[in-house]
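Structure assessment
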Amino acid sequence: MSGNHLFQQLRKKWRFVALALTAAAISFIVGALMPGNQQGSNNPATARVQVQNLNQFLTVNPSAKQVADDRTAFNVDRTVEKLLTVLESKEKLLTFVPPEQFQATTVFEGKVKNSEKVIALTVDDGPWPETTEQMLDIFQQNDVKATFFWIGKSIENSPEIARRVVARGHAIGNHTWHHWYDPMDAATAADEIDRTAKLIYETTGVKTTFFRPPGGVLNNGLAKYAKQQNYAVVMWSVTSADTDPRAQPSAFVNNVLKGAKPGAIVLMHDGGGDRSRTVKALPEMIAGLKKQGYRFVTIPELLEIQGQSAA
Ligand SMILES: [Zn+2]
């Protein structure tokens, strides 16, 4: 539906509602002002007389009618415009599209000036019960925005958590439906990505053309399809290695702090298994990066920054 068409629809509806409200308000005011009619405003017959009187007044005073109409129309238009602005800015917030020069490309890190100390935390395989929300709280406490790459199956299991992630203002990417590594035919690859995109949209209203291939596998058909659809394929330059079952949280912290550099993309996980160690590592990781002077950006923001510094 085009914006214009929506505008017309809203205008019609709102004009009707506003006219009805205005008529009700006028008849109420007239009723209150009419002498000897204190109880009359609840009486339909009296109300009808009041409206008749008002109509008569407006008929013999056409300029008063014009003013009333104009004011109603003006207020309706302003209301509709405000509403549309809200809808448009909401849609903007919920749409994640890479800058054109990154569409259909694979990104491993942001190429930014050394003085531009930005870093992007990415969180894969959720949304996931408990761990995602614990991470959301830590991000909020530290004023950090991250990028979450979601699995379709995970969203199906935790739609409410998905909505919370979006409500907190994080960026979203597609991480396929099943998280398969093995080569697949074109139809399966398309289904893995499209089905997930559809559920992301239906659950949260988010449209995203950022894609992360499961396991970072770039040659099994998924990345190829994503590029055909103008996704940016987003890899990473630093891994927390938080999928290592034997490592301590302090090791995740060290991995990230050692690998950090301006424009780095950091990999960690909130789902796909028990990620309580990642949750444990996260506050220290963020504190360490802040101490090194980094500020945290989402993947769309990082590419925006790179695009600007190249221009
Ligand atoms: Zn994954």
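Use the structure listed above.
What follows is about the coordination of the zinc ion. As a benchmark, a tetrahedral metal site with four donors has ideal angles of 109.5 degrees, while an octahedral site with six donors has ideal angles of 90 or 180 degrees. Within the protein, the atoms that donate to the zinc ion are Asp-125 (OD), His-175 (NE2) and His-179 (NE2), at distances of 2.0 to 2.1 Å. In primary-sequence terms, the residues that donate to the zinc ion follow D-x49-H-x3-H. On the criterion of sequence distance, the pair formed by Asp-125 in the loop between β3 (118-124) and α4 (131-141) and His-179 in the loop between β5 (171-174) and α7 (186-204) is long-range, its members being 54 residues apart. Under the relative-accessibility criterion, Asp-125 is labelled buried at 6%.

Moving on, we get to the packing of aromatic side chains. For any pair of aromatic rings, the description consists of the separation of the ring centres together with the inter-plane angle of the planes. A full pass over the atoms with the stated rule returns 2 aromatic pairs. Considering the side-chain rings of Phe-211 and Tyr-231, the 6.4 Å spacing of their centres and the 80° angle between planes classify their relative orientation as edge-to-face. Taken as a pair, Phe-211 in strand β7 (residues 210-211) and Tyr-231 in the loop between α8 (222-228) and β8 (232-234) lie far apart in primary sequence, 20 residues in all. Each of the two residues, Phe-211 as well as Tyr-231, counts as buried. Its end group placed over the ring of Trp-177, Arg-195 keeps NZ or CZ at 3.8 Å from the ring centre.

Another point: α7. Compared with the 27 Å implied by 1.5 Å per residue over 19 residues, the 27 Å span of α7 between its first and last C-alpha is a close match. All of the buried residues in α7 are Ala-189, Ala-190, Glu-192, Ile-193, Thr-196, Leu-199, Ile-200, Thr-203 and Thr-204. At the exit of α7 stands Gly-205, carrying a positive phi of roughly 80°.

Quick look at the layout of surface pockets now. Estimated volume of the second largest pocket: approximately 330 Å³. Taken together, 16 residues form the lining of the second largest pocket, with Lys-92, Leu-93, Thr-95, Phe-96 and Gly-169 sitting closest to its centre. Within the lining of the second largest pocket, the residues separate by chemical class into 8 nonpolar, 4 polar and 4 charged. Taken domain by domain, the makeup of the lining of the second largest pocket includes at least three residues from each of domain 1 (3-93) and domain 2 (100-310).

The final tally for this structure, using the stated rule, is 9 salt bridges. With a closest N to O distance of 4.0 Å, Lys-207 and Glu-91 form a salt bridge. In this pair, Lys-207 sits in strand β6 (residues 207-208) while Glu-91 sits in helix α3 (residues 62-93), placing the two residues 116 residues apart along the sequence. Classification of Lys-207 as partly exposed rests on a relative accessible area of 40%. Overall, the relative accessible area of 48% leaves Glu-91 in the partly exposed class.

As for its position among the elements, Thr-122 is in strand β3. Here the side chain of Thr-122 touches Arg-212 through a polar contact of 2.7 Å, side chain to side chain.

What follows deals with the nonpolar core. In this structure, Leu-121, Phe-139, Phe-148, Trp-150 and Ile-172 are the most contacted members of the largest nonpolar core, which totals 55 residues. For Phe-148, the residues in contact, after removing those within four places along its chain, are Val-123, Thr-132, Leu-136, Phe-139, Val-165, His-170, Ala-171, Ile-172, Gly-173 and Asp-270. Ranked by size, the runner-up nonpolar core spans 11 residues in total, among them Met-184, Phe-211, Leu-222 and Ala-226.

Geometrically, the link from Gly-126 to Pro-127 is a cis peptide bond, its omega value of 0° lying close to zero. Despite not being glycine, Asp-125 has its phi angle at roughly 85°, a positive value. Its identity as a non-glycine residue notwithstanding, Asp-143 has a phi of 55°, on the positive side. Structurally, Asp-143 is set in the loop between α4 and β4 (147-150).

The rules behind each value
Residues numbered from 1 in each chain as written. Predicted model: local features only at pLDDT ≥ 70, side-chain atom pairs only at ≥ 80, totals over all residues. Heavy atoms only, no water. Donors = N, O, S within 2.8 Å, 3.2 Å for Na, K, Ca; no water. Helix = DSSP H or I, 4+ residues; strand = E, 2+ residues; numbered from the N terminus. Buried < 20%, exposed > 50% of the residue type's maximum accessible area, 1.4 Å probe, protein only. Phe/Tyr/Trp six-rings, centres within 6.5 Å; stacked < 30°, edge-to-face > 60°. Lys NZ or Arg CZ within 6 Å of the ring centre and 35° of its normal. Expected span 1.5 Å × (residues − 1). 1 Å grid on protein atoms, 1.4 Å probe; cavity = no way out; pocket = protein on both sides within 12 Å on 5 of 7 lines; lining within 4 Å. Points joined across faces, edges and corners; volume = space filled by probe spheres on them. Nonpolar A, V, L, I, M, F, W, Y, C, P; charged D, E, K, R; others polar. Domains from an automatic or database assignment. Salt bridge = Lys/Arg side-chain N within 4 Å of Asp/Glu carboxyl O. Polar contact = N/O pair within 3.5 Å; in protein donor to acceptor, adjacent residues only side chain to side chain. Core = buried A, V, L, I, M, F, W, Y, C linked by side-chain atoms within 4.5 Å. Contact = heavy atoms within 4.5 Å.

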